[in-house]
Amino acid sequence: MVSDTLLRRPGVESFLRYLENSGKESIDPLFEKTAYRYPVAEEFFEEDAETVLENLAELGIFEKRLMDSAMMCPDCGTLAHVVKPVCPTCSSARLIKGNVIEHMLCGYVDFEQEFYKQGFKCIKCGKELKTLGVDYRRAGVFYKCMSCGRVTAIPVKRFICGHCGRASTEEELQLKPVFSYVVVREKFAVLKGMFLDLTPLISLIESKGFVVESPAKIAGISGVVHEFTLFASRPSAPASASLAIDIVRDADDNKLFEFFTKTFDVKAGASLLLCLGHVDEKAKKLADTFNILMLEFTSADELVEKSKTEIEKILDKLSKRELYEEADYLEDLLKKLDKV
Ligand SMILES: [Zn+2]
Ligand SMILES: [Zn+2]
Ligand SMILES: [Zn+2]
């Protein structure tokens, strides 16, 4: 089901063709400001690029290679965080940072500037600090909490999400793996069969005086817009003179029902479901019940070649129906005129 939706997605076919023709070996991530992007894939899928790459990897078109990783907000997935140090004792962020000196004679410890304020004398014992390494030493860089006075070398870190504002501890952050998508060329042959060249069918439908859209987006009575592989209609004719066609892989009752719902909503005059691969019994029964013509094929070439005859029959029927309706209407009109 995922692959059906994915392969029907606009852009996928041209993206795969691009991969094949360009000889590109992989789609690589690019770090930009606060996110990883895939510029090549974005040209085809915009902001959905990563999702489509993931789906194609599931189909085996790509092999994923771990390239990088980054801390990610567990709530919104953003990588951009502000790191905020807080006091391990009272959690206050009112911290100052500086070089700390220890007066070795009495053991007093404080920031360097505090000793300078006293003329480089010890605040506790009042003695002058003379020789580094003898009577005093540099203890390193420390943080002092201005709320509770705690001095620490390692404050607790809080990561504030730059997008949703969530404050996370380091443990709570998720590690986002960043992949390169390496093209698996051997898979292309298999995939080609999944994309059909519908030109012969389109030409046939047009030759019968119908307008054809492929893929077609048709708004139903419900207001929902439905997508069909092919939709044939006549500009001035009612919806009942139209033909809706979908192509599916391995049809089951769910796919059949989904197709019926769409054709019912757009009031298509005829519905044709072309199936590649296996069709289960339930689907066949449903097709009969819903008055859907369902045809089974084993290959893409067979599908395009053999469905032509059926499509032609349906279109002829639809054209006749249209003529009859017109005739009925004229007859009605004449009767009414008669009475006048
Ligand atoms: Zn001292
Ligand atoms: Zn504190
Ligand atoms: Zn967030």
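Because the structure is a prediction, the values reported are computed rather than measured. (Residues numbered from 1 in each chain as written. Chains lettered and ligands numbered in written order. Predicted model: local features only at pLDDT ≥ 70, side-chain atom pairs only at ≥ 80, totals over all residues. Heavy atoms only, no water.)

**A word on the overall build of the chain**
So, step 1. In terms of helices and strands, the chain carries 10 helices and 19 strands.
So, step 2. Here the chain has a C-alpha radius of gyration of 36 Å; the compact-globule value for 340 residues is 20 Å, and the former is much larger.
So, step 3. C-alpha extents for the chain along the principal axes are approximately 125 × 60 × 35 Å.
So, step 4. Looking at the chain as a whole, 38% of its 340 residues qualify as buried.
So, step 5. For the chain, the share of sequence-separated contacts (at least 6 apart) that also reach a separation of at least 24 residues comes to 63%. (Helix = DSSP H or I, 4+ residues; strand = E, 2+ residues; numbered from the N terminus. Rg over C-alpha atoms; globule rule 2.2 N^0.38 Å. Buried < 20%, exposed > 50% of the residue type's maximum accessible area, 1.4 Å probe, protein only. Contact = heavy atoms within 4.5 Å.)

**Let's talk about the UniProt feature "domain: Thaumarchaeal output" (unreviewed entry) in the chain**
So, step 1. Summarizing the sequence annotation, UniProt attributes the feature "domain: Thaumarchaeal output" (unreviewed entry) to residues 14-182 in the numbering used throughout.
So, step 2. Annotated as residues 14-182, this span is 19% helix and 40% strand, and its ends, taken at the C-alpha atoms, are 18 Å apart. (UniProt positions renumbered as here; feature names shortened; annotations may be inferred.)

**Details of the pattern of salt bridges**
So, step 1. Inspection of every chain in the model, using the stated rule, returns 18 salt bridges.
So, step 2. Put simply, Lys64 and Glu54 hold a salt bridge, and the shortest N to O gap is 3.1 Å. Separated by 10 residues along the polypeptide, Lys64 in strand E4 (residues 62-72) and Glu54 in helix H4 (residues 49-58) bring together distant segments of the chain.
So, step 3. Its relative accessible area of 39% is what places Lys64 among the partly exposed residues.
So, step 4. One connected set of salt bridges, linked through shared partners, spans Glu32, Arg37 and Glu42. (Salt bridge = Lys/Arg side-chain N within 4 Å of Asp/Glu carboxyl O.)

**Some details on the coordination of the zinc ion (ligand 3)**
So, step 1. Here the zinc ion (ligand 3) is held by Cys73 (SG), Cys76 (SG), Cys161 (SG) and Cys164 (SG), and the distances to it run 2.3 to 2.4 Å.
So, step 2. Along the chain, the residues that donate to the zinc ion (ligand 3) are spaced as C-x2-C-x84-C-x2-C. With a gap of 85 residues between them, Cys76 in the loop between E4 and strand E5 (81-86) and Cys161 in strand E10 (residues 156-161) connect regions that are remote in the sequence.
So, step 3. For Cys76, a relative accessible area of 31% gives the class partly exposed. (Donors = N, O, S within 2.8 Å, 3.2 Å for Na, K, Ca; no water.)

**Some words on a nonpolar patch on the surface**
So, step 1. Together, Leu330, Leu333, Leu334 and Leu337 line one region of the surface with nonpolar side chains, adding up to about 380 Å² of accessible area.
So, step 2. Within the secondary structure, Leu333 sits in helix H10 (residues 300-339).
So, step 3. Note on Leu333: relative accessible area 37%, which makes it partly exposed. (Patch = residues over 30% accessible without salt bridge, like charges linked within 9 Å, V, L, I, M, F, W, Y side chains within 5 Å. Areas by Shrake-Rupley, 256 points an atom, 1.4 Å probe, with all protein chains shown as cover.)

**Some words on the coordination of the zinc ion (ligand 2)**
So, step 1. Protein-derived coordination of the zinc ion (ligand 2) comes from Cys87 (SG), Cys90 (SG), Cys145 (SG) and Cys148 (SG), at a distance range of 2.2 to 2.4 Å.
So, step 2. In this structure, the zinc ion (ligand 2) is coordinated by 4 donor atoms arranged in tetrahedral fashion, with angles at the metal of 101 to 120°.
So, step 3. In this structure Cys90 comes out as partly exposed when scored by relative accessible area, which is 34%. (Tetrahedral: all angles 85-135°; square planar, octahedral: opposite > 155°, others 65-115°.)

**Side note on the pairing of strand E19 (residues 293-297)**
So, step 1. In this sheet, E19 lies alongside strand E18 (residues 270-279) in parallel orientation, the contact comprising 5 bridges. Within the sheet, the bridge partner assigned to Leu276 lies in E19 and is Phe297.
So, step 2. For the crossover from E18 across helix H9 (residues 281-289) to E19, the handedness is right-handed. (Pairing = 2+ DSSP bridges. Right-handed = clockwise from strand over helix to strand, strands pointing away.)

**Points about the sheet that holds E4**
So, step 1. What the 3 strands build is an open sheet, ordered E1-E12-E4; its pairing is antiparallel. Each edge of the sheet is formed by a strand with only one pairing partner; in this case those strands are strand E1 (26-27) and E4.
So, step 2. Summarising the sheet, E1 and strand E12 (residues 174-183) pair through 2 bridges and their orientation is antiparallel. Paired with Ser26 across the two strands is Val182, which belongs to E12.
So, step 3. Against the sheet, H4 makes contact with E1, E4 and E12, and its axis sits at roughly 65° relative to E12, the strand it touches most. (Axes fitted to C-alpha atoms, helices over the stretch in contact; angles between N-to-C directions.)

**Considerations on the packing of helix H2 (residues 12-22) against H4**
So, step 1. In the contact formed by H2 and H4, the axes pass within 13 Å of each other and the chain directions differ by 70°. As summarised for this structure, H2 and H4 are arranged roughly perpendicular, according to the angle between their axes. Taken together, the residues of H4 that come into contact with H2 (itself represented by Val12, Phe15 and Leu16) are Val52, Leu53 and Leu56.
So, step 2. Classifying every residue of the contact of H2 with H4 gives 6 nonpolar, no polar and no charged. (Parallel < 35°, antiparallel > 145°, perpendicular 65-115°, else oblique. Nonpolar A, V, L, I, M, F, W, Y, C, P; charged D, E, K, R; others polar.)

**A few points about the domain arrangement of the chain**
So, step 1. On domain assignment, one finds that the chain holds domain 1 (2-73 + 173-192), domain 2 (88-154) and domain 3 (199-336).
So, step 2. Computed from C-alpha coordinates alone, the two centres of domain 1 and domain 2 are separated by 54 Å. (Domains from an automatic or database assignment.)

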